[in-house]
Amino acid sequence: MFTATLRRPAWLTSTLLNRSVRSLITNGSTTTTTTTTTTTLKARSPPTTGKNSSTAPYPLKQLPGPKGWPFLGIFPELLRKENRGSVHKVQLKFHEKYGRMFRLNFGPHINVGLADPDLVEEFMRNEGKHPNRPPYQSWVLYKELRKKETGLMTAADHKWYKYRSAIAPRLMRPQAVTCYTDQLNSVALDLLTRIRKIRKEDNTVDLLQNELYKWATESVGYVLFGSRLGCLADTMPQNIQDLIDAVGVMFVTGHQMAIGASIHQFLNTKIWQKHVSSSDIIYGLAQEFIDQQLVGYSKDRSQVDPPQNGTALLNYLLSNPSFSMAEIYSNMAELFLAGLDTASNSLGFAIYLLASNPEVQEKLHEEISRTLQGQPCQSSHLTNMPYLKAVLKESMRLYPVIPIGARITTEDIVLDGYHIPKGTCLMINNYAMSRDERNFPNANEFIPERWFRSDTRKFHPFAVIPFGHGSRSCIGRRIAELELYLAITHLCQNFRLKVEDGFEVEPFLRTVLTVGKNFPIQFIER
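Just so we're clear, the structure is a prediction, and the values are computed from it rather than from any experiment. (Residues numbered from 1 in each chain as written. Predicted model: local features only at pLDDT ≥ 70, side-chain atom pairs only at ≥ 80, totals over all residues. Heavy atoms only, no water.)

Caption draft 1: Focus on the layout of surface pockets. Here the largest pocket is characterised by a volume of approximately 1,300 Å³. What lines the largest pocket is a set of 38 residues, and nearest its centre among them are Lys389, Lys393, Arg477, Glu481 and Tyr485. At the level of secondary structure, the elements contributing two or more residues to the lining of the largest pocket comprise α7 (174–178), α16 (379–382), α17 (386–398) and α19 (477–494). Ranked by residues supplied to the lining of the largest pocket, first place goes to α17 with six residues. Classifying every residue of the lining of the largest pocket gives 20 nonpolar, seven polar and 11 charged. (1 Å grid on protein atoms, 1.4 Å probe; cavity = no way out; pocket = protein on both sides within 12 Å on 5 of 7 lines; lining within 4 Å. Points joined across faces, edges and corners; volume = space filled by probe spheres on them. Helix = DSSP H or I, 4+ residues; strand = E, 2+ residues; numbered from the N terminus. Nonpolar A, V, L, I, M, F, W, Y, C, P; charged D, E, K, R; others polar.)

This is the structure:
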């Protein structure tokens, strides 16, 4: 049994509470179905400030927002039963009441909620060289406990910049990414084979989302480690299922401890214990995968072959002398777990929306058939499938797997006429912006055609940013898009997707927006 190291004399000291408050991260939330309500955020006339204004900025404490409780702020509101795991509902309610920018008191600290594309753009375009996107405090505490190096998801400042600068060329440049097409195609084809084998008589698949996790694990593992893990085999290695389960537990417990991680660690709660044990599995298996690849080199990194486009990211990092083995272990583990939930749930939402909108599905099938002409899908084909790209973009607009992003201001700024001090957490409400009728007419409807360039409507580029923006955007964006394009293409090419009448998906929070363990989709052979 893991026992926490007691480093604080009392769990309600002001230092502990302040640290817990600062750890509030809003990287995910639950959502509603696409057909429930129409949302138009309350408009507000902000004070005017700027270079040509003589009006001094207002102090942040004057920004409208919920009053909250003395000392505790809005903690009690978040802890109410109906709000647990539903941060986006609370945020949306506050936006509708206070406007597109509001104040949130978390204990002695003030956070700011943003759901205005202009304000988001103004802030993000001026973030500086080292934007601060805070991780869950529980992740950092785990690293400290196990004396592990930070990685892309947990590092900050110059160390983060070192990692980002080294890894981005291998995962962000189009030419480098397209070299993984054959590998990801083979994984997508294995997913089809797997679905055909496990379909029931009614053409549905039990625990469909778990199968999509296997697909994502196999895809990410191929890119990172350069070898197949066997996730989609008839008999999957038990350690792979352990990994998938551990990622789920790690994300759930991380979100549960978004407020008060230090308290959970101090009290050695069951949530903290689960978080540590699941993290041990993730980092342990990642290290095991890396060590297996090193066997052929007798663990001598100087013997590693020079990397080329299409080779595993591990090969590239091993050949980079600026990375220690501890840094390689940590970065590979964090990239691995980051790619599982995001890709698998994005594919799950896309499948659900296509099955719920047969006219869209048939239009996509027609484009795929016309473009491929029976040939295997290659990256060159994707450039000629605008509807496929519109389908994925519209799916991510309705169900962004990161519904609420977070940034910590690295300097004092003035935004919307208010002075926002350095160190303030800005909560960027992607879900609220993407469902706002002011930004998208018929915002709750699945309409891929809205993204065609021929459309006369102009959408704000920051109204939908599922991968974030700038140097702190998702480093695996291009890989994820390629994975999803290929998987959707193969699925739509081979199956007619149908959802059970009357079924509506009910996503829930697991750090990212998740589809759920099972949803009744029929995979009917074409």
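Caption draft 2: Region of interest: a nonpolar patch on the surface. On the surface, Trp69, Phe71 and Leu72 cluster together into a nonpolar patch covering about 360 Å² of accessible area. For phenylalanine 71, the location among the structural elements is in the loop between β1 (58–59) and α2 (75–79). (Patch = residues over 30% accessible without salt bridge, like charges linked within 9 Å, V, L, I, M, F, W, Y side chains within 5 Å. Areas by Shrake-Rupley, 256 points an atom, 1.4 Å probe, with all protein chains shown as cover. Salt bridge = Lys/Arg side-chain N within 4 Å of Asp/Glu carboxyl O.)

Caption draft 3: Quick peek at the sheet that holds strand β5 (residues 413–415). The strand order across the open sheet built from three strands is β1-β6-β5, with neighbouring strands paired in mixed fashion. Strands with a single pairing partner mark the edges of an open sheet, and in this sheet they are β1 and β5. Across three bridges, the pairing between β5 and strand β6 (residues 418–420) is antiparallel. Pairing of leucine 415 across the sheet is with tyrosine 418, part of β6. (Pairing = 2+ DSSP bridges.)

Caption draft 4: Molecular detail of the UniProt feature "binding site: heme" (unreviewed entry) in the protein chain. Cross-referencing UniProt, the feature "binding site: heme" (unreviewed entry) maps to Cys474 in the present numbering. When you line up the elements, cysteine 474 lands in the loop between α18 (430–434) and α19. Excluding its chain neighbours within four sequence positions, the residues that come into contact with cysteine 474 are Arg164, Met172 and Phe467. (UniProt positions renumbered as here; feature names shortened; annotations may be inferred. Contact = heavy atoms within 4.5 Å.)

Caption draft 5: Fine view of helix α5 (residues 137–146). When you tally the buried positions in α5, you get seven out of 10 residues, the bulk of the element. Among all positions of α5, only Gln137, Ser138, Trp139, Leu141, Tyr142, Lys143 and Leu145 are buried. (Buried < 20%, exposed > 50% of the residue type's maximum accessible area, 1.4 Å probe, protein only.)

Caption draft 6: Quick look at the environment of histidine 460. Structurally, histidine 460 is set in the loop between α18 and α19. For histidine 460, a relative accessible area of 23% puts it in the partly exposed group. For the pair histidine 460 and phenylalanine 440, spaced 20 residues apart in the sequence, the C-alpha separation amounts to 9.4 Å. If we skip the residues at most four places from it in the chain, histidine 460 touches Pro117, Asp118 and Glu121. Separated by 3.4 Å, the side chains of histidine 460 and glutamate 121 make a polar contact. Of note is the side chain of histidine 460, whose polar atom sits 3.0 Å from the backbone nitrogen of phenylalanine 462. (Polar contact = N/O pair within 3.5 Å; in protein donor to acceptor, adjacent residues only side chain to side chain.)

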